Amino acid sequence: MSDLEHTPDSITIARPDDWHLHLRDGATLASVLPHSARQFGRAIVMPNLKPPVTTTAAAEAYRNRIMAALPAGMKFEPLMTLYLTNNTPPDEILRAQESGIVHAVKLYPAGATTNSDAGVTDLSNCYKTLEMMQEVGMPFLVHGEVTDQDIDLFDREAVFIERVMRPLRRDFPALNIVFEHITTKHAAQYVAEAEGPIAATITAHHLLYNRNDIFKGGIRPHYYCLPVLKREEHRLALVTAATSGDERFFLGTDSAPHAQGAKEAACGCAGCYTALHAMELYAEAFERAGALDKLEAFASFNGPAFYGLPRNTDTITLKREQWTLPETLPLADQQVVPLNAGETINWKMV
Ligand SMILES: NC(=O)N[C@@H](CC(=O)O)C(=O)O
Ligand SMILES: [Zn+2]
Ligand SMILES: [Zn+2]
């Protein structure tokens, strides 16, 4: 635990960016975009819509819908991505690069997570496209889990490193890779030690919670996400990585809105909604580690550096001020339950 007497009552940092965000589309997009735009200057917008965003033209149209949904007076830059499929042609990468609005290509292993059925079944189908990405410097963002049903859910990230990540790095030594939403000590160690241009995003909830929290006092659907929360030793490894100052680690909320009824169900969807209070959660995690001084690089410097983008020039301020989260938030014509709904948290962005 940090020595609370000596931690500041407020912290001002360069405006952060969210390098892993689900904005969805239509009325849901309109409901959730203001939460992210209030805290973050930019976001890597994930392409796992229905249907997925698989072409540059679709990404441009999606970007236009996001900008149309942005409330007047709010500033926000969506950084678009393409959803890799078995059939994505290499020249789509050229179109994406030339568009100036597509900043990465995302791997969803088929069946790994929400809206991933159109994902890649075998990366060897994509080698010509990956070669083009390596050539033009287009980052490759990966949901790093295998999907074999005989692999324990809690082992899927670790197995992905051996079966997919290491061969990928061997075959594409210069490919820019982001290991998204890492959840294990294995992934943290791999990213810290791997050859070549590589980075990882870490969510706030994987820094604050472990798998016990999914079952605290009963089944807690709002703590269910993919990759799933892991043992305490893995959470501790993520906190060590995030607060290490290693510029390979940066902020990605993986805020993933699902309607309340889709989460509180016999077979609930995977995803935590944290966009409302993401920076407050990260401040809590970094303070608990006695590392508030490391938050700015993790949240505001390392991501732009990896993507070759300038840092934001404005700032945000977080004050140590308790406030209670709402039980629900509007989501299109339904509700979404934020993580920590109804709880009192210790930091507030002002
Ligand atoms: N993280 C999740 O649990 N869900 C994400 C998809 C993803 O990031 O895997 C979603 O889009 O719902
Ligand atoms: Zn994912
Ligand atoms: Zn995600």
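Residues numbered from 1 in each chain as written. Chains lettered and ligands numbered in written order. Predicted model: local features only at pLDDT ≥ 70, side-chain atom pairs only at ≥ 80, totals over all residues. Heavy atoms only, no water.

- With an unreviewed UniProt entry as reference, the protein is termed Dihydroorotase, source organism Duganella vulcania.
- Quoted verbatim from the Catalytic activity (unreviewed entry) heading of the UniProt record, the comment on the protein is "(S)-dihydroorotate + H2O = N-carbamoyl-L-aspartate + H(+)". (UniProt positions renumbered as here; feature names shortened; annotations may be inferred.)

## Remarks on the coordination of the zinc ion (ligand 3)
Inference 1: The protein atoms that coordinate the zinc ion (ligand 3) are H20 (NE2), H22 (NE2) and D254 (OD), at distances spanning 2.0 to 2.1 Å.
Inference 2: Around the zinc ion (ligand 3) sit four donor atoms; with metal-centred angles ranging over 90 to 137 degrees, the donor geometry is irregular.
Inference 3: Counting gaps between the donor residues of the zinc ion (ligand 3) yields the pattern H-x1-H-x231-D.
Inference 4: A separation of 3.7 Å is found between the zinc ion (ligand 3) and the zinc ion (ligand 2). Residue H20 shares its accessibility class with H22, and that shared class is buried. (Donors = N, O, S within 2.8 Å, 3.2 Å for Na, K, Ca; no water. Tetrahedral: all angles 85-135°; square planar, octahedral: opposite > 155°, others 65-115°. Buried < 20%, exposed > 50% of the residue type's maximum accessible area, 1.4 Å probe, protein only.)

## Thoughts on the coordination of the zinc ion (ligand 2)
Inference 1: For the zinc ion (ligand 2), the full set of protein donor atoms is H143 (ND1) and H181 (NE2), and the range of their distances to it is 2.1 Å.
Inference 2: Viewed at the metal, the four donor atoms of the zinc ion (ligand 2) are separated by angles of 54 to 145 degrees, and the geometry they form is irregular.
Inference 3: Take H143: its relative accessible area is 1%, and that puts it in the buried class.

## Looking at the sheet that holds strand β13 (residues 344-349)
Inference 1: One open sheet accounts for three strands, arranged β1-β10-β13; its pairing is antiparallel. Strands at the two margins of the open sheet, each flanked by one partner only, are β1 (10-14) and β13. The mean inter-strand angle of the sheet, taken between neighbouring strand axes irrespective of direction, is 30 degrees.
Inference 2: Bridge count for β1 against strand β10 (residues 315-324) is five bridges, and the pairing is antiparallel. By the bridge assignment for β10, T12 is matched with T317.
Inference 3: Where helix α10 (residues 278-288) meets the sheet, it contacts β1, β10 and β13, and its direction lies at approximately 110 degrees from that of β13.
Inference 4: Docked against the sheet, helix α11 (residues 295-307) engages β1 and β10, running at close to 25 degrees with respect to β1. (Pairing = 2+ DSSP bridges. Helix = DSSP H or I, 4+ residues; strand = E, 2+ residues; numbered from the N terminus. Axes fitted to C-alpha atoms, helices over the stretch in contact; angles between N-to-C directions. Contact = heavy atoms within 4.5 Å.)

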